[in-house]
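Remarks on the overall topology
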Amino acid sequence: MKICLFWHRRDLRIHDNVGLAEALASGLPVVPLFIYDRDILDHLPNKADARLTYIFDQVERLARETEAAGGTFLARYGRPVDVLEQLVQEFDVVAVHTNEDYEPYATKRDAKVGDLLRRRGVDFLLYKDQVIFAKDDIMTKSGTVPKVFGAYHKTFLARLTDELLLPYGSAEAFTQAHLQRLDPDQPSPRPTLAGMGFERKEQYVPTTDLPAEEVVRHYHQTRNTPALQNGTTRLSVQLRFGTVSVRQAMRQAKALNPKLLAEISWRDFFMMLLWHYPNTATEAYDPKMRAVPYRNNEDEFRAWCAGRTGYPLVDAGMRELNATGYLPNRVRMTVAGFLVKQLFIDWRWGEKYFADKLLDYELANNVGNWQWMAGTGAVSAPWFRVYSPDSQLEQVDPELKYVKRWVPEVGTATYPAPIVDHRFGRDRAVEAIRAARIAASGDGKIVGA
Ligand SMILES: Cc1cc2nc3c(=O)[nH]c(=O)nc-3n(C[C@H](O)[C@H](O)[C@H](O)COP(=O)(O)OP(=O)(O)OC[C@H]3O[C@@H](n4cnc5c(N)ncnc54)[C@H](O)[C@@H]3O)c2cc1C
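Residues numbered from 1 in each chain as written. Predicted model: local features only at pLDDT ≥ 70, side-chain atom pairs only at ≥ 80, totals over all residues. Heavy atoms only, no water.

1. Describing the packing of helix α6 (residues 149-159) against helix α11 (residues 258-276)
Remark: α6 packs on α11, axes separated minimally by 10 Å, with the N-to-C direction vectors making an angle of 105°. Between α6 and α11, the crossing angle belongs to the class labelled roughly perpendicular. On α11, the residues that touch Phe149, Tyr152, His153, Phe156 and Leu157 of α6 are Leu261, Ala262, Ser265, Trp266, Asp268, Phe269 and Met272. (Axes fitted to C-alpha atoms, helices over the stretch in contact; angles between N-to-C directions. Helix = DSSP H or I, 4+ residues; strand = E, 2+ residues; numbered from the N terminus. Parallel < 35°, antiparallel > 145°, perpendicular 65-115°, else oblique. Contact = heavy atoms within 4.5 Å.)

2. Considerations on the nonpolar core
Residues Trp304, Val335, Phe354 and Trp370 are the most contacted members of the largest nonpolar core, which totals 46 residues. Elements represented by at least two residues in this core include exactly α12 (298-306), α13 (312-324), α14 (329-342), α15 (347-357), α16 (363-374), α17 (389-396), α18 (401-406) and α19 (422-441). Of all the elements, α14 adds the most residues to this core, at 6 residues. Tryptophan 370 has contacts with Trp304, Ala336, Leu339, Val340, Trp347, Gly350, Glu351 and Phe354, leaving out every residue within four places of it along the chain. Of all hydrophobic cores here, the second largest spans 36 residues; its members include Phe133, Val244, Leu363 and Ala364. (Core = buried A, V, L, I, M, F, W, Y, C linked by side-chain atoms within 4.5 Å. Buried < 20%, exposed > 50% of the residue type's maximum accessible area, 1.4 Å probe, protein only.)

3. Topic: the packing of aromatic side chains
Under the defined criterion, the tally for this structure stands at 22 aromatic pairs. For the ring pair phenylalanine 354 and tryptophan 370, a centre distance of 5.0 Å and an interplane angle of 75° mean the geometry is edge-to-face. On the criterion of sequence distance, the pair formed by phenylalanine 354 in helix α15 and tryptophan 370 in helix α16 is long-range, its members being 16 residues apart. Tryptophan 370 carries the same exposure label as phenylalanine 354, and that label is buried. Through successive ring pairs, a cluster of aromatic residues spans Phe133, Phe149, Tyr152, Phe156, Trp266, Phe269 and Phe270. Lying across the ring of tryptophan 7, arginine 9 places its NZ or CZ 4.5 Å from the centre. (Phe/Tyr/Trp six-rings, centres within 6.5 Å; stacked < 30°, edge-to-face > 60°. Lys NZ or Arg CZ within 6 Å of the ring centre and 35° of its normal.)

4. Description of the sheet that holds strand β1 (residues 2-8)
Backbone hydrogen bonds are what pair the strands of a sheet, in a parallel or an antiparallel way. Ordered in space as β3-β2-β1-β4-β5, the 5 strands form an open sheet in which the pairing is parallel. Lying at the two open borders of the sheet, with one neighbouring strand each, are β3 (74-78) and β5 (123-127). The average undirected angle you get between the axes of adjacent strands in this sheet is 30°. In this structure, β1 lies alongside strand β2 (residues 30-37), joined through 5 bridges in parallel fashion. (Pairing = 2+ DSSP bridges.)

5. Quick look at the domain arrangement of the protein
As assigned here, the protein comprises domain 1 (1-130), domain 2 (131-167 + 210-276) and domain 3 (287-439). Centre-to-centre, using C-alpha coordinates, domain 2 lies 25 Å away from domain 3. Counting residues at the interface gives 22 residues for domain 2, matched by 23 residues for domain 3. Summed over both sides, the interface of domain 2 with domain 3 buries roughly 1,900 Å², with 65% coming from carbon and sulfur. Summed over the shared surface of domain 2 and domain 3, the number is 0 salt bridges. Our count for the contact surface shared by domain 2 and domain 3 stands at 4 residue pairs in polar contact (both at pLDDT 80 or more). Going through the elements one at a time, α9 (236-241) and α11 are the ones with two or more residues in the side of domain 2 that touches domain 3. For the side of domain 2 that touches domain 3, the element with the most residues is α11, which contributes 7 residues. The class makeup of the residues in the side of domain 2 that touches domain 3 is 12 nonpolar, 5 polar and 5 charged. (Domains from an automatic or database assignment. Buried area = accessible area lost by both parts, 1.4 Å probe. Salt bridge = Lys/Arg side-chain N within 4 Å of Asp/Glu carboxyl O. Polar contact = N/O pair within 3.5 Å; in protein donor to acceptor, adjacent residues only side chain to side chain. Nonpolar A, V, L, I, M, F, W, Y, C, P; charged D, E, K, R; others polar.)

6. A few points about the pairing of β2
Taken across its 8 residues, β2 has 8 buried, putting it largely inside the fold. Residue alternation in β2 divides its side chains into two sets, Val30, Pro32, Phe34 and Tyr36 and Val31, Leu33, Ile35 and Asp37, and both sets are buried. The sheet contact formed by β2 and β3 spans 5 bridges and is parallel. Directly across from leucine 33, in β3, lies its bridge partner leucine 74.

7. Considerations on the site of the ligand
Around the ligand, the surrounding shell holds 28 residues, and the nearest of these are Tyr219, Thr232, Thr233, Arg234 and Asn329. Side-chain polar atom of asparagine 329 to an oxygen atom of the ligand: 2.8 Å apart, as the coordinates give it. Backbone polar atom of glutamate 362 to an oxygen atom of the ligand: 3.0 Å apart, as the coordinates give it. For the ligand, whose accessible area on its own is 810 Å², the fraction buried by protein is 98%. At the level of elements, α9, α11, α14 and α16 are the ones that each hand at least two residues to the shell around the ligand. Counting residues per element, the shell around the ligand draws most heavily on α11, which supplies 6 residues. A breakdown of the residues in the shell around the ligand according to their chemical character gives 15 nonpolar, 7 polar and 6 charged. Counting residues domain by domain, the shell around the ligand receives three or more from each of domain 2 (131-167 + 210-276) and domain 3 (287-439). (Near = heavy atom within 4 Å. Areas by Shrake-Rupley, 256 points an atom, 1.4 Å probe, with all protein chains shown as cover.)

Here's what the structure looks like:
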């Protein structure tokens with residue numbers, strides 16, 4: 001029996017899924033597949049990982065939904081190239097459909113998978129699903145990569161027709177008529193967490209659907225108040241793993257709140273930038289910022305990680321991150337700005353720490369935002385801008401409601417004194433960056449503002 005595979009990656013849903021809809025419409029019966037990628041899992045720092053637990057639960061849900069619809073769901077553990085090689089030997093696979101992934105690792109993996117499948121005479125078909133505009137869909141008038149978010153977003157809005165946000169009919173076509181049930185004795189059992197060497201870790205569970213309309217309507221007024229549990233949409237985990245489609249989220253935002261639509265479009269923007277500049281995952285986009293002499297004091301880094309810097313908003317944020325795997329955007333900005341411009345520690349240290357802790361960890365968004373805060377990115381805050389953590393606190397949590405939730409000892413003798421004087425830290429960073437930029441310019445002149 002000839003079949004095609006639909007390979008789920010960052011799209012752990014049946015509804016409104018471009019690649020799945022195309023596979024179901026291809027005329028061949030579909031077998032959905034998920035691969036627990038050893039190349040990624042082997043590098044996870046902890047054996048109890050909340051993200052893997054979340055993925056595992058979603059994969060099991062997909063398997064149940066597929067079986068209820070009359071099909072078989074395959075889940076395998078291994079290297080994608082090896083798993084697919086084995087599957088094309090086991091079954092008469094004509095095509096593998098999947099949705100595009102723009103991260104540097106993923107594009108290399110897909111190139112290898114594409115080579116393998118072509119050699120075996122199997123079609124490998126990729127679709128844009130994760131974003132509305134990808135790669136070079138939006139360029140400047142002169143044909144260059146956009147690096148000013150305001151101008152990018154203007155074009156984004158001008159081109160964002162309602163048609164682009166229409167849902168794809170994958171759920172409607174997800175029926176026995178289009179799925180293949182494999183011989184129950186044949187498919188190997190789905191991997192378990194323990195079987196892959198992991199334990200369950202349950203952390204903050206995101207919304208299971210779109211945020212409530214109430215939250216979206218007030219978003220622009222509430223988004224910078226971290227004490228509010230529903231001040232932001234908490235969509236990030238859903239968008240990261242594709243349990244909500246970006247079209248759904250944007251349709252709702254377009255109808256109810258332009259500010260939210262703009263925020264979600266940052267995600268398209270950062271994925272587009274990382275696709276064009278994959279090197280920025282590990283180095284500053286701005287060459288003049290590559291030789292900044294960060295201090296990288298390990299004790300101070302540990303104090304930042306643990307939420308013991310003596311700056312209440314920074315400490316509350318880091319403790320929330322450690323406890324829940326989540327942090328509101330405004331507080332992410334505060335803790336990141338503090339690390340790079342007050343402690344003068346390399347943004348990559350912070351990026352890595354976030355990568356280990358965030359349930360919504362997303363390379364493009366994480367790197368894009370860290371480079372923005374460090375003043376090193378394709379789009380950035382000016383390198384000399386340094387936010388004061390105390391004035392941030394005054395603006396976003398003047399009554400210390402958020403801070404007291406996470407740092408109950410604030411204001412008592414047990415709370416540490418500030419790890420660095422804010423003005424001293426700011427001047428130290430700005431002068432060192434200025435000197436590095438002058439040296440990088442080669443002619444003794446200051447580069448940039
Ligand atoms: C230093 C730093 C690191 C970050 N790392 C990540 C990360 O690893 N993964 C991640 O998804 N977001 C990251 N962000 C962006 C942002 O903080 C989160 O997307 C947001 O806080 C998630 O909560 P929410 O879904 O309630 O956001 P909302 O404010 O409700 O926004 C809705 C959606 O818009 C998108 N969005 C909002 N703000 C941004 C932004 N600044 N950049 C890109 N997309 C945005 C997200 O998809 C988000 O889910 C980071 C921000 C900073 C400052």
